[in-house]
Amino acid sequence: MKQGGIYILSGPSGCGKNTVYEGLRALDPDIVQTVSATTRKPRLGERNGVDYFFLTGPEFKQRIDDGEFVEYVTYGGNCYGTLKSEVRRLTDLGKTVVLVIEVRGALNIKRMFPQAVAIFIEPPSMEELIRRINKRGDNNDAEIELRMNIAKEEMTFRDKYDYRVVNDDLDTCIKDIYQIMQKESDQHD
Ligand code: 5GP
């Protein structure tokens, strides 16, 4: 695949977007993800500057005031944002840039970068999504319920995307998305 371009991988919590991203990267090492900033506490094994830039509330606010974000949202009581510096760094390197973000941020990015390709990853069913969210051992009951409610709302955004891909079989889903990326990269120059 030709390098370059911005792709948004989005979808409800539990749809598998991070795993899909890992699969795409395994197919093509020039596909790279921007590292977002968040006020969420690191989960076990997460590393600062690799999984996220973990910031305090005041630090996040300072970056908003300094105009450092392309987009930011509050999600489940925490702030998440895409840093301009990250998008710039990776596009300057000529990489194929992937943003793995929630739905409101995705639509904001699409408004700012109309050439960005927005892909919504759907779970095979609501039942399966609930099962996947429940399976995540790192969330407590209140957090699981909150994420499920958010997930249901996020599903209503799916028609606003350029593409929708069902993540039933992971390998098929990765292959389908890679094909979309190849097709799009051929169309743009
Ligand atoms: P988590 O806490 O599970 O890592 O992330 C919660 C949600 O925030 C996920 O849907 C994730 O994709 C999304 N997210 C992560 N970084 C960003 C970001 O920079 N901007 C937006 N809008 N969403 C993000």
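Each remark here, short or long, concerns the structure printed above.
Quick summary incoming for the structure in this document. Here the structure is a predicted model, which means the values were calculated and not measured.

### Section: the overall build of the protein
Moving on, step 1. Scanning the protein from terminus to terminus reveals seven helices and nine strands.
Moving on, step 2. Projected onto its principal axes, the C-alpha positions of the protein cover 45 × 40 × 30 Å.
Moving on, step 3. Taken across its 189 residues, the protein has 47% of its residues classed as buried.
Moving on, step 4. Long-range contacts, defined as pairs at least 24 residues apart, comprise 69% of the intrachain contacts of the protein with a sequence gap of at least 6.
Moving on, step 5. Total accessible area computed for the protein in this model is approximately 9,800 Å², and 49% of it derives from carbon and sulfur atoms.

### So, the site of the ligand
Moving on, step 1. Not every one of the 16 residues close to the ligand is listed here, only the nearest: Ser 36, Arg 40, Tyr 52, Glu 71 and Tyr 80.
Moving on, step 2. At 3.1 Å from an oxygen atom of the ligand is found a main-chain nitrogen or oxygen belonging to Gly 81.
Moving on, step 3. Glu 102 is positioned with one of its side-chain polar atoms (N or O) 2.7 Å from a nitrogen atom of the ligand.
Moving on, step 4. Protein chains bury 95% of the 510 Å² of accessible surface belonging to the ligand in isolation.
Moving on, step 5. Of all elements in the fold, only β5 (69-75) and β6 (78-83) reach the threshold of two or more residues within the shell around the ligand.
Moving on, step 6. Here the residues of the shell around the ligand sort into six nonpolar, four polar and six charged.

### Section: helix α6 (residues 141-155)
Moving on, step 1. The end-to-end C-alpha separation of α6 is 21 Å, in line with the 21 Å expected for 15 residues at 1.5 Å each.
Moving on, step 2. Taken together, the buried positions of α6 are Ile 144, Arg 147, Met 148, Ile 150, Ala 151, Glu 154 and Met 155.
Moving on, step 3. For α6, the N-terminal cap is Asn 140; the gap from its side-chain oxygen to the backbone nitrogen of Ala 142 is 3.2 Å.

### Here's the deal with the nonpolar core
Moving on, step 1. One finds Leu 9, Val 20, Leu 24, Val 98, Ile 119 and Ile 177 to be the most contacted residues of the largest nonpolar core, which totals 20 residues.
Moving on, step 2. When residues of this core are traced back to their parent elements, those giving at least two are β1 (6-10), α1 (17-27), β7 (96-100), β8 (117-122), β9 (163-166) and α7 (170-187).
Moving on, step 3. Counting residues per element, this core draws most heavily on α7, at six residues.
Moving on, step 4. Setting aside residues no more than four positions away along its own chain, Ile 119 makes contact with Ile 8, Leu 9, Ser 10, Tyr 161, Tyr 163, Val 165, Ile 177 and Ile 180.
Moving on, step 5. By size, the runner-up hydrophobic cluster in this structure holds 19 residues, among which are Val 103, Ala 116, Ala 118 and Phe 120.

### What about the packing of helix α5 (residues 126-135) against α6?
Moving on, step 1. Look at α5 against α6: their axes get within 10 Å of each other, and the N-to-C directions meet at 145°. The crossing of α5 and α6 is right-handed. In this structure, α5 contributes Met 126, Leu 129, Ile 130, Ile 133 and Asn 134 to the contact, and α6 contributes Ile 144, Arg 147, Met 148, Ala 151, Lys 152 and Met 155.
Moving on, step 2. Class assignment for the residues of the contact of α5 with α6 results in eight nonpolar, one polar and two charged.

### Quick word on the packing of aromatic side chains
Moving on, step 1. Under the definition given, this model contains seven aromatic pairs.
Moving on, step 2. Where Tyr 75 meets Tyr 80, the ring centres are 5.9 Å apart and the plane angle is 90°; that geometry is what we call edge-to-face. Accessibility assignment for this pair places Tyr 75 and Tyr 80 in one class, buried.
Moving on, step 3. Measuring from centroid to centroid gives 5.0 Å for Phe 120 and Tyr 161, while their planes differ by 70°, and the two rings are edge-to-face. On the criterion of sequence distance, the pair formed by Phe 120 in strand β8 and Tyr 161 in the loop between α6 and β9 is long-range, its members being 41 residues apart.
Moving on, step 4. Ring pairs connect the aromatic residues Tyr 52, Phe 54, Tyr 75 and Tyr 80, which therefore count as one cluster.

### Quick notes on the pairing of β5
Moving on, step 1. When you tally the buried positions in β5, you get five out of seven residues, the bulk of the element.
Moving on, step 2. As judged from the six bridges shared by β5 and β6, these two strands associate in the antiparallel manner. Paired with Phe 69 across the strands is Leu 83, a residue of β6.
Moving on, step 3. Connecting β5 to the next strand, β6, in antiparallel fashion are two residues, including Gly 76 with a positive phi near 55°.

Conventions used here
- Residues numbered from 1 in each chain as written.
- Predicted model: local features only at pLDDT ≥ 70, side-chain atom pairs only at ≥ 80, totals over all residues.
- Heavy atoms only, no water.
- Helix = DSSP H or I, 4+ residues; strand = E, 2+ residues; numbered from the N terminus.
- Buried < 20%, exposed > 50% of the residue type's maximum accessible area, 1.4 Å probe, protein only.
- Contact = heavy atoms within 4.5 Å.
- Areas by Shrake-Rupley, 256 points an atom, 1.4 Å probe, with all protein chains shown as cover.
- Near = heavy atom within 4 Å.
- Polar contact = N/O pair within 3.5 Å; in protein donor to acceptor, adjacent residues only side chain to side chain.
- Nonpolar A, V, L, I, M, F, W, Y, C, P; charged D, E, K, R; others polar.
- Expected span 1.5 Å × (residues − 1).
- Core = buried A, V, L, I, M, F, W, Y, C linked by side-chain atoms within 4.5 Å.
- Axes fitted to C-alpha atoms, helices over the stretch in contact; angles between N-to-C directions.
- Left-handed = near helix turned anticlockwise from the far one by under 90°.
- Phe/Tyr/Trp six-rings, centres within 6.5 Å; stacked < 30°, edge-to-face > 60°.
- Pairing = 2+ DSSP bridges.

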